[in-house]
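# Descriptive structure summary
Below, each chain spelled out in residue letters.
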Amino acid sequence: MVDNIRHRGKRERLVKELEEKGITQLAVLAAIGKVPRHFFVDGAFDDEAYLDKPLPILENQTISQPFTVASQTELLNLKPKMKVLEIGTGSGYQAAVLAEMGMRVFSVEIHRVLYLRAKEKLEDLGYDVFLRHGDGSEGWAQYQSYERILVTAACPKAPPALLQQLEIGGKMVLPIGTLKNQRMHVITRLSGQEYQTEMLDAYRFVPLRGKFGFSEEA
Ligand code: SAH
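In what follows, the accompanying structure is described. Given the structure is predicted, the values throughout are model-derived calculations rather than measurements. (Residues numbered from 1 in each chain as written. Predicted model: local features only at pLDDT ≥ 70, side-chain atom pairs only at ≥ 80, totals over all residues. Heavy atoms only, no water.)

Applying the stated rule across the entire model yields 1 cavity of 30 Å³ or more. Around the largest cavity, the lining residues are Phe40, Val41, Asp42, Pro56, Ile57, Leu58, Gly90, Ser91, Leu114, Arg117 and Lys121. Broken down by element, the lining of the largest cavity gets its largest block of residues, 3 residues, from helix 5 (residues 112–124). When its residues are assigned to classes, the lining of the largest cavity shows 6 nonpolar, 2 polar and 3 charged. (1 Å grid on protein atoms, 1.4 Å probe; cavity = no way out; pocket = protein on both sides within 12 Å on 5 of 7 lines; lining within 4 Å. Points joined across faces, edges and corners; volume = space filled by probe spheres on them. Helix = DSSP H or I, 4+ residues; strand = E, 2+ residues; numbered from the N terminus. Nonpolar A, V, L, I, M, F, W, Y, C, P; charged D, E, K, R; others polar.)

Taken together, 7 strands build an open sheet; the order of strands is 5-4-3-6-7-8-9 and the sheet is mixed. Of all the strands in the sheet, the pair left with one neighbour each is strand 5 (130–133) and strand 9 (195–203). Sheet twist, expressed as the average angle between the axes of neighbouring strands with direction ignored, equals 15 degrees. In the sheet, strand 3 (residues 83–87) pairs with strand 6 (residues 146–151) via 4 bridges, with the strands oriented parallel. (Pairing = 2+ DSSP bridges. Axes fitted to C-alpha atoms, helices over the stretch in contact; angles between N-to-C directions.)

On to the side chain of Arg11, then. With respect to the element layout, Arg11 can be found in helix 1 (residues 5–20). For Arg11, a relative accessible area of 3% corresponds to the buried category. At a separation of 3.0 Å, a polar atom in the side chain of Arg11 contacts the side chain of Tyr50. In contact with Arg11, not counting residues within four places along its chain, are Asp3, Ile32, Gly33, Lys34, Val35, Pro36, His38 and Tyr50. (Buried < 20%, exposed > 50% of the residue type's maximum accessible area, 1.4 Å probe, protein only. Polar contact = N/O pair within 3.5 Å; in protein donor to acceptor, adjacent residues only side chain to side chain. Contact = heavy atoms within 4.5 Å.)

This is how it looks when you write it as structure tokens:
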């Protein structure tokens, strides 16, 4: 795949658009300015890769809208080299943005085809990310605890396993609500037992499946 001057120009315009929409963290904007989003979308959508909209990927899933990626990343309030767990690898784009920012990224995807595809793309681009195929609603116990956790699918409630795997002092960013609409939540772990929850803007994500997600019939 090529990343030519046309792609780079579109990427710069996207960064300006995100700034106009209120994204302020320079590290986030810089990463979006670097990661070639068109590598992560289906070839048929190459022309739309730098528009601020979600796009279809395999298995009826979507690559989140750039504004959503930027705002979730901003809400994580990242510092260099943090250990971040992402649930819902999807295309791998969000994981690439986190890796570009220098994070130690762990990401779990429930659909095998998406996991395999994301693995190949991230390797091709030289991003060092730990990927796992499995049910991320149960987290990734082997490498706990995490300084930051990001869920990129709609949750009926905060998955208990993720609350458990969050480091004390750590933050989790996730959309919680119904299948139709969710509010972004930021949960901070204050101590072993105490968590503080902030509820923010409305979004619409594809559903989290698995043990602590929405059932398949939903
Ligand atoms: N972060 C992705 C967007 C993903 S869309 C990107 O940058 O492209 C949400 C993803 O969550 C989908 O790929 C879906 O298959 C996955 N998902 C849903 N339930 C899951 C679960 N229980 N564990 C892991 N992944 C899950």
